[in-house]
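# A structural walkthrough
If you want the building blocks of each chain, they are given just below.
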Amino acid sequence: MTIRNDTVVIAGNIGNDPSRGVTRTGKPVINFRVASTPGYFDQRTGAWVEGDTSWYAISAFGNIADHAKASLRCGDPVIVVGRMKVREWEANGRKGVDVEIDADAIGHDLNKGTSAFVRRAKAGSGERSAPAAGAPESTGSGMPEGGGMPDEGGMPDEPSAAEREAWDAEGMIDPDAEPASAEADHEDELAYT
């Protein structure tokens, strides 16, 4: 049984480095898990009390997948907005429930720290992105000092031969391949989920 289309907002910490893949039509997809632990300050004891941790499987498609891969790491505090699915499963005599979120928006939780935003230029516009005020300067390698989103110069235009061979070996399609149509992308996203 699958429940779909309940929009939720969660806050938590990323439990693994996000992994990037490609759908059949060449659309980027990213997957990672987020642990969310509720808590409260108990004034009687003067201590922070944590509740049970809930784990969510997060997936995102398209530009958000590429941006998340360049921006997020294991342990980062994040806020995720998306469509929740609850899926029951049974395997090897065991039963369980997975809670999955197809992300519409992902960002760092600024209650826990700071983040520098770098806007990417639209494809084919010829514009270069300017770092936001106070954003780290580029090191020339395409990566800002101190990490974060690479500038446009750091994004490779063409995948390497090794990347193409790895995609071929894993049955994945070249991410630069143009999808057949918008409907094919939508069907592919539904098939992936």
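Look up: the structure comes first, before these words.
Residues numbered from 1 in each chain as written. Predicted model: local features only at pLDDT ≥ 70, side-chain atom pairs only at ≥ 80, totals over all residues. Heavy atoms only, no water.

### Structural notes on the overall build of the protein
Summing up its helical and strand segments, the protein has three helices and eight strands in all. Listing each helix as α and each strand as β along the protein from the N terminus yields β-β-β-β-β-β-α-β-β-α-α. Taking all 193 residues of the protein together, the buried fraction comes to 31%. Residue pairs in contact within the protein that sit at least 24 positions apart in sequence constitute 58% of those at least 6 positions apart. Here the protein displays about 12,300 Å² of accessible surface, and carbon together with sulfur accounts for 49% of that area. (Helix = DSSP H or I, 4+ residues; strand = E, 2+ residues; numbered from the N terminus. Buried < 20%, exposed > 50% of the residue type's maximum accessible area, 1.4 Å probe, protein only. Contact = heavy atoms within 4.5 Å. Areas by Shrake-Rupley, 256 points an atom, 1.4 Å probe, with all protein chains shown as cover.)

### A word on the pairing of strand β6 (residues 54-61)
Consecutive side chains of a regular strand alternate in pointing toward one face of the sheet and then the other. The pairing of strand β3 (residues 28-36) with β6 spans eight bridges and is classified as antiparallel. Among the inter-strand pairings, Ile 30 is bridged to a residue of β6, identified as Ala 60. Here β6 runs beside strand β8 (residues 94-108); their pairing, made up of three bridges, is parallel. Counted as the bridge partner of Ala 57 is Glu 100 from β8. (Pairing = 2+ DSSP bridges.)

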